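Residues per chain, in single letters:
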Amino acid sequence: MRAHAERLDGLGTTIFAEMSALAVATGSVNLGQGFPDQDGPDSLLEGAIAAIRSGANQYPPGRGIPALRQAIVDHQQRFYGLAYDPGTQVLVTTGATEAIAAALLAYVEPGDEVIALEPYYDSYAAGIAFAGGRRVPVTLRAPSYRLDLDELRAAVTPRTKVLLINSPHNPTGTVLTDEELRGICAVALEHDLVVITDEVYEHLVYDGTHRPLASYDGMADRTVSISSAGKTFAVTGWKIGWVTGSPEVVTAVNTAKQFLTYVSGAPFQPAVADALALGNDYYDGLRAGLRSRRDLLADGLGEFGFEVHRPAATYFITTDIRPLGYTDGIDFCRQLPERAGVVAIPHQVFYDNTEAGKPLVRWAFCKRPEVLQEALIRLQKL
């Protein structure tokens, strides 16, 4: 039988699946995959139950139910002052992952180059490969993880088609500054590039401020803005994401998306629509709770001798393992479940430039405080 398509080379089982299996096999505390261990607000959960019971169980409209599209429009206006038409400028997707894949399929031709900030979420590499593109990394380097705008400019070639920007950034927790964002805009405008922005951690910012690239002059018509409910409302398994942009952008992405899942999440969509309208006390409480967990885990890891890179946002802390005498994050993470009963994720799987990530390890702090405390107790064995 013919071998699989070359574009799948290197896209085997994800590191998350490997480490989660190790966690189960060893009874380890799983600080690897970024999902919370508590459900979102009761009103959200009850909304989904009510929707199921009321019969919202068949195909929803292709672009999402009207109530959710309006709620997304209201959210963008409320938090960022961005105005969208719910009929033509919003698309509901099966999570942000599908939105990113559909956007890449919509805009990338075989051989086109996609510049992405590494370390990058692993689905980026897969989405670029599926579209037949070539990924070009611009590295955010430890310990500051700041964007080198000169390096970004130098990465652009005549084959560059898309800038894939993630801020707040997974896995480093960096929030791009106004200067960095303006630099990205300048590059996009100079070279007539499409910008795909992954903003799923938009409400999980503890230091600094998130500003969407679409809000900058000249960017509204060339930006595919992507977010989701999973991180904001602790329902990562619901897979309700969305795209906002110009009518042309949304139509292009939908052209690809409609042949991926077509539609999904019918009873979850009205629940998310209601949740997006929750008051500021919910969003403030979300940040405060996660900030305290960040500090709990960061302080504990620092006491054990790790060099801790305290994140400004997201669910994740990065540590350099070299102060403890380790040099290879993959080896360290594969040994950690047996040695200490804890699972983490090696950074280097998120890089093309693997040497930059080799001594770095990512830890998820989106767990209950008692789970984080248990992980710290176990890590004393190191």
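Definitions and cut-offs
Residues numbered from 1 in each chain as written. Predicted model: local features only at pLDDT ≥ 70, side-chain atom pairs only at ≥ 80, totals over all residues. Heavy atoms only, no water. 1 Å grid on protein atoms, 1.4 Å probe; cavity = no way out; pocket = protein on both sides within 12 Å on 5 of 7 lines; lining within 4 Å. Points joined across faces, edges and corners; volume = space filled by probe spheres on them. Helix = DSSP H or I, 4+ residues; strand = E, 2+ residues; numbered from the N terminus. Core = buried A, V, L, I, M, F, W, Y, C linked by side-chain atoms within 4.5 Å. Buried < 20%, exposed > 50% of the residue type's maximum accessible area, 1.4 Å probe, protein only. Contact = heavy atoms within 4.5 Å. Phe/Tyr/Trp six-rings, centres within 6.5 Å; stacked < 30°, edge-to-face > 60°. Lys NZ or Arg CZ within 6 Å of the ring centre and 35° of its normal. UniProt positions renumbered as here; feature names shortened; annotations may be inferred.

1. Focus on the layout of surface pockets
Take a probe with the size of a water molecule and roll it over the atoms, and the empty space left behind shows itself.
Link 1 in the chain: There is about 970 Å³ of room inside the largest pocket.
Link 2 in the chain: As for the largest pocket, its lining consists of 45 residues, of which Thr14, Phe16, Tyr121, Asp122 and Ser123 are closest to the centre.
Link 3 in the chain: Elements with a minimum of two residues in the lining of the largest pocket: α1 (15-26), α4 (95-107), α5 (122-130) and α11 (329-340).

2. A closer look at the nonpolar core
Link 1 in the chain: The biggest cluster of nonpolar side chains holds 118 residues, and the ones touching the most others in it are Leu163, Val224 and Trp363.
Link 2 in the chain: Excluding residues within four positions of it along the chain, valine 224 makes contact with Ala103, Tyr107, Val194, Val195, Ile196, Thr197, Val243, Thr244, Val249 and Val253.

3. Describing the packing of aromatic side chains
Link 1 in the chain: A full pass over the atoms with the stated rule returns 16 aromatic pairs.
Link 2 in the chain: Arranged with centres 6.3 Å apart and planes meeting at 50°, the rings of phenylalanine 79 and tyrosine 80 form a pair that is tilted.
Link 3 in the chain: Assessed through its relative accessible area of 27%, phenylalanine 79 is described here as partly exposed.
Link 4 in the chain: With a centroid separation of 4.3 Å and an interplanar angle of 15°, the aromatic rings of tryptophan 238 and phenylalanine 268 are classed as stacked. Pair noted here: tryptophan 238 is in the loop between β7 (223-228) and β8 (240-244) and phenylalanine 268 is in helix α9 (residues 268-275), with a separation of 30 residues, a long-range link.
Link 5 in the chain: In this structure phenylalanine 268 comes out as partly exposed when scored by relative accessible area, which is 22%.
Link 6 in the chain: Grouped by ring-pair contacts, the aromatic residues Phe79, Tyr80, Phe233, Tyr282 and Tyr283 constitute a single cluster.
Link 7 in the chain: Directly above the ring of phenylalanine 316 sits arginine 362, whose terminal nitrogen or CZ lies 3.6 Å from the centroid.

4. Side note on the UniProt feature "domain: Aminotransferase class I/classII large" (unreviewed entry) in the chain
Link 1 in the chain: Here, the residues flagged by UniProt with the feature "domain: Aminotransferase class I/classII large" (unreviewed entry) are residues 29-358.
Link 2 in the chain: Regarding residues 29-358, the helix share stands at 39% and the strand share at 16%, and the terminal C-alpha atoms are separated by 23 Å.

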